[in-house]
Each structure stands twice: as structure tokens, then as C-alpha cells.
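Given next are the chains, with one letter for each unit.
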Amino acid sequence: MNKLLDYIISLTQLQGLIHKEKLLEIYNLQNEVQATIEEVSILLENLPEYLKENFVYSHHDYFVHETIMEFDEFDIQLIQRKGKPFYIPDKKELLKYKEDGYFEKNSQYKKLLSYVLKNLVHGDKEQAESLCEDVQGFCQVGFKVQDVFKTFNHYEIKFKDEKQIHEVMQLVMDLANNTRIWENNGHTPQEIFELQEKPKLRKLPKEPFDFGGGDSNVIEFKSQEKIGRNDPCPCGSGKKYKKCCLNNH
């Protein structure tokens with residue numbers, strides 16, 4: 001039963017929500033000792049405190065991440081992911097998502113981290129990792145160029161010229177296209193684009209400032225206070241910002 005709970009937490013962290021039958025299918029594919037639909041249904045009807053402590057709610061026949069329920073996005077999420085395939089990593093990778101805040105540090109993330117470390121924070125590894133985690137958080141919950149600029153402002157990053165801004169934003173775009181997101185059932189935008197090849201599922205712009213029109217492709221870069229992904233949420237909930245109001249941006 002404990003392993004089944006770990007799967008519920010992991011799949012909810014990775015995909016945002018998971019139907020009880022899909023959960024059972026994935027669990028039984030990866031484990032010799034099989035679970036039953038009755039066991040899963042009991043957990044839905046009498047949600048253990050262990051799941052609540054790990055941000056899991058129950059809603060109809062789904063296990064749902066707390067954030068989706070708090071912002072009343074359950075129906076929206078179902079619409080957004082309709083017809084999209086499920087990303088199902090192997091057992092070892094999947095269960096890493098049980099850890100709060102875990103994400104796949106892929107080659108795009110590592111390239112951004114390396115660039116930031118070398119060119120923007122004077123070798124401060126802790127600052128570079130914190131900044132890149134914040135950027136990855138925005139890529140995960142809804143990418144907006146303005147939010148990325150605000151994040152760099154928050155860390156008091158000074159770009160030396162427009163060329164450097166372009167280089168950084170290209171790295172961020174690459175990360176955004178290869179970040180696993182809930183509305184894609186855990187797939188990245190790049191994977192969905194390649195799998196379905198539909199215009200409505202096109203990738204984010206290849207050029208950082210290509211937004212489809214207008215007389216200017218320059219975004220005003222103003223310094224203002226920015227809340228970090230790991231900072232306490234200003235709403236007073238006591239949670240980290242990434243687990244609370246960050247997802248409402």
C-alpha cells in the first residue's frame with residue numbers, strides 16, 4: 001500500500017492529476033505485485049493524511065494536486081490535456097517525483113545554469129541554481145517572457161548588452177520547450193509538437209522576441225521586486241511561493 005501511495009504522489013506531481021484507472025494501469029505495468037481498483041477506490045474515498053501532507057486531493061475519480069484545486073482549475077486542466085498522450089517514465093525516474101519540487105534537470109536546464117554561472121553571477125553556484133530553479137518554475141506553470149525578466153531583476157542581474165539578453169532568452173526558450181508540464185500530461189511542448197504535429201500545438205517562438213507583430217520587438221526591462229520560487233508566499237499561507245500563488249500567474 002505504501003508503494004501505491006508513492007505512485008499517487010509521484011504521478012500527481014508529474015502530471016497534476018491522474019484518473020484512478022490510469023494510476024492502476026501504470027502501477028501494475030511497473031510492479032509484479034498487482035494493485036486492484038478496489039484498493040485505489042478506497043484511497044479516493046478516504047484520502048490518507050499522508051497524501052494530504054504531500055499536496056494530493058481527491059476529486060471525483062481523480063487524484064489531483066492541491067494547486068489545481070485551490071485555483072479551481074480542474075475542468076480547465078481536463079480540457080487542456082484532452083487527446084494528449086501520457087508521459088510515463090520508468091519506475092526509478094517516476095518515483096523521483098515523490099520529492100517535493102523535483103524536476104528533470106535536462107540538458108537545456110544545464111546549459112542555462114552553466115551560462116548563468118559563467119556569465120551572470122560571477123561563479124556563485126548557489127545563486128545560479130536558485131535563479132535557474134525559479135526560471136524553470138515559470139516554464140512549468142505558464143511561460144511568460146515578462147516573468148523571466150522579473151526573475152533576473154529579482155537577482156539583480158545586469159546584462160552587458162542586447163546580444164547577451166538574446167543569448168539568455170534563447171536558452172530560456174529552449175528550456176521552456178523542453179520542460180514537462182501538467183497540461184501535456186507530463187510531456188514537454190517539444191514532445192507534443194513532434195507527436196501530434198498540429199498548428200495549435202506549435203512550439204514557443206524560436207526567436208526570443210518574435211511575438212507575431214508590432215513595431216517593436218524590444219521588451220522594456222524595468223527593475224522591480226520579484227518573489228523567488230522558494231520564498232515564503234506573500235499571501236500568508238505559510239507555504240513556499242512555488243507551492244502556492246506562483247501557479248496563479
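Scroll up for the structure.
Read on for an overview of the structure. (Residues numbered from 1 in each chain as written. Predicted model: local features only at pLDDT ≥ 70, side-chain atom pairs only at ≥ 80, totals over all residues. Heavy atoms only, no water.)

Once that is clear, we can look at the packing of aromatic side chains. The geometry of two aromatic rings is summed up by the distance between their centres and the angle between their planes. This structure, assessed with the given rule, holds five aromatic pairs. Taking the centre distance of 4.9 Å and the plane angle of 75 degrees together, the rings of Tyr 7 and Tyr 27 count as edge-to-face. Of this pair, Tyr 7 sits in helix α1 (residues 2-15) while Tyr 27 sits in helix α2 (residues 20-30), and the two are 20 residues apart along the sequence. The interplanar angle of 70 degrees and the centroid separation of 5.1 Å between the aromatic rings of Phe 103 and Tyr 109 together place this pair among those described as edge-to-face. A relative accessible area of 2% places Tyr 109 in the buried class. Here the basic side chain of Arg 180 rests over the ring of Tyr 87, its NZ or CZ set 3.5 Å away from the ring centre. (Phe/Tyr/Trp six-rings, centres within 6.5 Å; stacked < 30°, edge-to-face > 60°. Helix = DSSP H or I, 4+ residues; strand = E, 2+ residues; numbered from the N terminus. Buried < 20%, exposed > 50% of the residue type's maximum accessible area, 1.4 Å probe, protein only. Lys NZ or Arg CZ within 6 Å of the ring centre and 35° of its normal.)

Below, the discussion takes up unusual backbone geometry. The backbone of His 60 shows a phi angle near 55 degrees, a positive value even though the residue is not glycine. Assignment of secondary structure puts His 60 in the loop between β2 (56-59) and β3 (62-65). In the Ramachandran plot, Asn 185 falls in the positive-phi region, its phi being about 55 degrees despite a non-glycine side chain. With respect to the element layout, Asn 185 can be found in the loop between α11 (162-177) and α12 (189-196). Residue Asn 185 is classed as buried on the basis of its relative accessible area of 2%.

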